[in-house]
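One-letter residues, chain by chain:
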Amino acid sequence: MNATQLSAEARDPQGKGAARKLRAAGRIPALIYRGGETPTHISLDPAELRLVYTRSKNPNTLLSIKVDGGAFLCLLRDTQKHPVSRALLHADFLAIAEDELVTVDVPVRAAGRAKGMVIGGKLQRLRRTVPIRSLPRDIPAEIVVDITDLDINEFVRVSAITAPEGCELVYDNDYNVLSLKGRRVEAAAPEEG
């Protein structure tokens, strides 16, 4: 399993004053949590965290966070950013096990040129992600949907998407993910003369 290494330092949960001092020192407070267990409070370099996701372009990148000689296999669950500068202020990580199924939202990418686009249709993304359940090693970076047969006023439902091997799509109702909207443009008849 390829998990990106990230180093962190343990910290005591001391409140806002301590968090401000961390940020002034160029680090951010973060949490590693797992259901039913006491969270681990850490601090890390926000530039290092940003670099991981800039390089991978995958919001579900697996991280191996090293803290005090131990390591946690984690997924980034949430971040808090400054409303103006967009600087990272805090991060939450979910600790997972290699042999445990996890549910994550995976980006959907349309591939191909739909036949309805040729006659004036416009592709609409109704959902940018779909939830999947898989082992951490099987989490895909994206799910590619072939739209070449899509005509105007047709949809791609979540049930029509083929999940990658080792993954299962998770949904309660069969919602639309992509649609092709627009009016048919009739070809102009050749002028007689």
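Quick note: structure is the one above.
Predicted model only: the values in this text are computed from it and were never measured. (Residues numbered from 1 in each chain as written. Predicted model: local features only at pLDDT ≥ 70, side-chain atom pairs only at ≥ 80, totals over all residues. Heavy atoms only, no water.)

Q: So, the sheet that holds strand 3 (residues 28–33): which residues are in play, and what are the values?
A: Spatial ordering of the open sheet is given by 1-5-6-7-3-4-2, a layout of seven strands whose pairing is mixed. Of all the strands in the sheet, the pair left with one neighbour each is strand 1 (4–7) and strand 2 (9–10). Here strand 3 runs beside strand 4 (residues 40–44); their pairing, made up of five bridges, is antiparallel. Residue pairing in the sheet places Ile 32 in a bridge with Thr 40 of strand 4. In the packing of helix 1 (residues 16–24) onto the sheet, the strands contacted are strand 3, strand 4 and strand 7 (88–95), and the crossing angle to strand 3 comes to about 115°. Each of strand 1, strand 3, strand 4, strand 5 (63–67), strand 6 (70–81) and strand 7 is contacted by helix 2 (residues 46–56), which is oriented at about 170° to strand 1, the strand it contacts most. (Pairing = 2+ DSSP bridges. Helix = DSSP H or I, 4+ residues; strand = E, 2+ residues; numbered from the N terminus. Contact = heavy atoms within 4.5 Å. Axes fitted to C-alpha atoms, helices over the stretch in contact; angles between N-to-C directions.)

Q: For the environment of Leu 76, give the residues involved together with the corresponding values.
A: As for its position among the elements, Leu 76 is in strand 6. Linking Leu 76 and Glu 142, residues 66 residues apart in sequence, is a C-alpha distance of 16 Å. Ignoring sequence-local partners within four residues, the contact set of Leu 76 consists of Tyr 53, Ala 91, Asp 92 and Phe 93.

Q: Account for the pairing of strand 5, naming residues and giving values.
A: Burial analysis of strand 5 places four of its five residues in the buried class, which makes it a mostly covered element. In terms of strand pairing, strand 1 meets strand 5 through four bridges, oriented parallel. Paired with Ser 7 across the bridge in strand 5 is Lys 66. Direction of pairing for strand 5 relative to strand 6: antiparallel, over a ladder of five bridges. If you follow Val 67 over to strand 6, its bridge partner there is Gly 70. Connecting strand 5 to the next strand, strand 6, in antiparallel fashion are two residues, including Asp 68 with a positive phi near 50°. (Buried < 20%, exposed > 50% of the residue type's maximum accessible area, 1.4 Å probe, protein only.)

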